[in-house]
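Descriptive structure summary
The chain contents come next:
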Amino acid sequence: MNEDPGTDGQVGRQRGGAAVMNGPEDDGVDWDSVAWPQVQTEVRRLRQRIFTASQAGDLAKVRNLQKLMLRSRANALVSVRRVTELNAGRKTAGVDGVVVGTSSGKAALVDLVHHHGAVSAARAVKRVYIPKKGSTGKRRPLGIPVIADRVRQAQVVNALEPEWEARFEPKSYGFRPGRGCHDAIEAIFHVARGKNPSRRWVLDADLAAAFDKIDHSHLLAQLGTFPAKEQIGQWLKAGVVEEGRFSPTAEGTPQGGLVSPLLLNVALHGMEQAAGVRYQRAGGTHAGTTVPGSPVLIRYADDLETCGKWIDNLLSMRLLVR
């Protein structure tokens, strides 16, 4: 048996080339008896409270609720379940070679992140390459964090995401709960439909290597006083291991981390304002309706389309994208 230094002394045994972490028999969590509907309801209600407080502009309450979420045992449970049972990469190990496949291992992981998560240093990610969709022969890099960091990232997402879901721009669709590419396609259709659409000029852009080029200082400034900001900073600076060689990370956030898609959206938040998009202030049926003459910016992750009445609407946007 090999002891893994990334699991605070937990012992792993080999299975299929990766260590499988097992917890002590008297661990406080009986994984097979967890009442998942109750646990998920607790996390969902706390997320809703964070969203509502953010929507109301009560930052002090948002921060207190986020601290509660980060300390929540229910959040630790659903995060471990997401990483070890639901995610596609649950059987892929990070640089420590550890995967978790047993009930006792999952219980031990809950105890690890619930009681020691705030004091554990981030580990470097393992770089792997997967085929790039729509591009024959091309591959894109993924950064695979160690299992404990993946769980901590899932915990952070549950605290950070609802705050920003109350703030994100109306026509941002990528990597957001309840939204998808078809929503972005529908938004484009509504802007361009008809024989004589008012916005005739279109700028279609793809931000090259967006995940790899995120400015750390800008991103951390966007997070403000978020309680786990320091932990996020550690993940950003943790470095990459590829074929046994370590490389520092001065910019970007690795694709493959659970928190990375959310961080990309946070980093790109404000593009509509920078492009001069203006919305009706009235609510009800006019909520999310742009002012006549205003350009429309529709973004799906790092792909965006700006539609304007005049070409002048798009020239400043072109400079912004560059």
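Residues numbered from 1 in each chain as written. Predicted model: local features only at pLDDT ≥ 70, side-chain atom pairs only at ≥ 80, totals over all residues. Heavy atoms only, no water.

Let's talk about the overall build of the protein chain
- Tallying secondary structure elements over the protein chain gives eleven helices and eleven strands in all.
- Per-residue burial over the protein chain gives 47% buried out of 322 residues.
- Excluding contacts between residues fewer than 6 apart, the proportion of contacts in the protein chain whose partners are at least 24 apart in sequence is 70%.
- Carbon and sulfur atoms make up 51% of the accessible area of the protein chain, which amounts to about 16,900 Å² in all. (Helix = DSSP H or I, 4+ residues; strand = E, 2+ residues; numbered from the N terminus. Buried < 20%, exposed > 50% of the residue type's maximum accessible area, 1.4 Å probe, protein only. Contact = heavy atoms within 4.5 Å. Areas by Shrake-Rupley, 256 points an atom, 1.4 Å probe, with all protein chains shown as cover.)

Concerning the pattern of salt bridges
- For the coordinates displayed, the defined rule picks out ten salt bridges.
- Taking the shortest distance from any N to any O, the salt bridge between Glu163 and Arg167 comes out at 2.9 Å.
- When its relative accessible area of 2% is taken as the criterion, Glu163 is described as buried.
- Relative accessible area serves as the criterion here: at 36%, Arg167 is assigned to the partly exposed category. (Salt bridge = Lys/Arg side-chain N within 4 Å of Asp/Glu carboxyl O.)

Let's talk about the side chain of Ser79
- Tracing the backbone through its elements, the reader meets Ser79 in helix α3 (residues 73-86).
- Classification of Ser79 by relative accessible area gives buried; the value is 1%.
- Of note is the side chain of Ser79, whose polar atom sits 2.7 Å from the backbone oxygen of Asn75.
- The contacts of Ser79, once residues within four sequence positions are left out, are Val151, Ala154, Gln155 and Asn158. (Polar contact = N/O pair within 3.5 Å; in protein donor to acceptor, adjacent residues only side chain to side chain.)

Here we look at the packing of aromatic side chains
- Counted under the stated rule, the structure contains three aromatic pairs.
- The cationic tip of Arg81 hangs over the ring face of Trp36; the distance from NZ or CZ to the ring centre is 4.7 Å.
- Stacked on the ring of Trp164, the Lys or Arg Arg167 has its end atom at 3.9 Å from the ring centre. (Phe/Tyr/Trp six-rings, centres within 6.5 Å; stacked < 30°, edge-to-face > 60°. Lys NZ or Arg CZ within 6 Å of the ring centre and 35° of its normal.)

Focus on the nonpolar core
- Ranked by internal contacts, the top residues of the largest apolar core, which has 64 residues, are Leu77, Leu109, Leu160, Leu223, Phe226 and Ile232.
- Secondary structure elements with two or more residues in this core: α1 (36-55), α2 (59-71), α3, α4 (103-116), α5 (147-165), α7 (216-223), α8 (229-237) and α9 (260-268).
- It is α5 that provides the largest number of residues to this core, a total of nine residues.
- Those residues within four positions of Leu223 in sequence are excluded, and the remaining contacts are Arg63, Leu160, Trp164, Ile232 and Val266.
- Ala184, Ala187, Val296 and Ile298 belong to the second largest nonpolar core, which has seven residues in total. (Core = buried A, V, L, I, M, F, W, Y, C linked by side-chain atoms within 4.5 Å.)

Notes on the confidence of the model for the protein chain
- Within the protein chain, residue pLDDT values average 84, and 83% of them lie at 70 or more.
- Mean pLDDT values for the elements of the protein chain range from 36 in strand β1 (residues 2-3) up to 98 in α1.
- Segment residues 1-27 is flagged for pLDDT under 50; beyond a separation of four residues in sequence, or across chains, it makes 64 contacts in the model. (pLDDT = per-residue confidence, 0-100.)

Observations concerning the sheet that holds strand β5 (residues 125-131)
- With mixed pairing, four strands are arranged side by side in an open sheet as β6-β5-β8-β9. Looking at the sheet topology across the chains shown, the edges are occupied by β6 (139-144) and β9 (245-247). Each neighbouring strand pair of the sheet contributes to a mean axis angle of 40 degrees, computed without reference to strand direction.
- Here three bridges tie strand β8 (residues 240-242) to β9, and the two strands are oriented antiparallel to one another. Each residue of the ladder has a partner; that of Val241, found in β9, is Phe246. (Pairing = 2+ DSSP bridges. Axes fitted to C-alpha atoms, helices over the stretch in contact; angles between N-to-C directions.)

Quick notes on α5
- Taking 1.5 Å of rise per residue, the 19 residues of α5 would be expected to cover 27 Å, and the 26 Å separating its terminal C-alpha atoms lies within 8% of that figure.
- Largest kink in α5: about 30 degrees, centred on Val157.
- For α5, the buried fraction is high: 19 of the 19 residues fall into the buried class. (Expected span 1.5 Å × (residues − 1). Bend = angle between axes of the 7 residues up to and from the residue.)

What to know about a positive patch on the surface
- A cluster of basic residues, Lys132, Lys133, Lys138 and Arg140, forms a positive patch on the protein surface.
- Locating Lys133 in the fold gives a position in the loop between β5 and β6.
- For Lys133, a relative accessible area of 81% puts it in the exposed group. (Patch = residues over 30% accessible without salt bridge, like charges linked within 9 Å, V, L, I, M, F, W, Y side chains within 5 Å. Lys, Arg positive; Asp, Glu negative; His and termini not counted. Charge placed at Lys NZ, Arg CZ, Asp CG, Glu CD.)

Looking at the environment of Lys237
- In this structure, Lys237 sits in helix α8.
- For the pair Lys237 and Arg123, spaced 114 residues apart in sequence, the C-alpha separation works out to 9.5 Å.
- If we skip the residues at most four places from it in the chain, Lys237 touches His216, Thr249 and Ala250.
- Among the polar contacts made by the side chain of Lys237, one reaches the side chain of His216 at a distance of 3.1 Å.

With respect to unusual backbone geometry
- Even without being glycine, Phe175 reaches a positive phi, approximately 60 degrees.
- Among the structural elements, Phe175 can be located in the loop between α5 and α6 (181-192).
- Of note, the phi angle at Ala209 is positive, near 50 degrees, even though the residue is not glycine.
- Along the chain, the position of Ala209 falls in the loop between β7 (201-206) and α7.
- Using a relative accessible area of 40% as the deciding quantity, one classes Ala209 as partly exposed.

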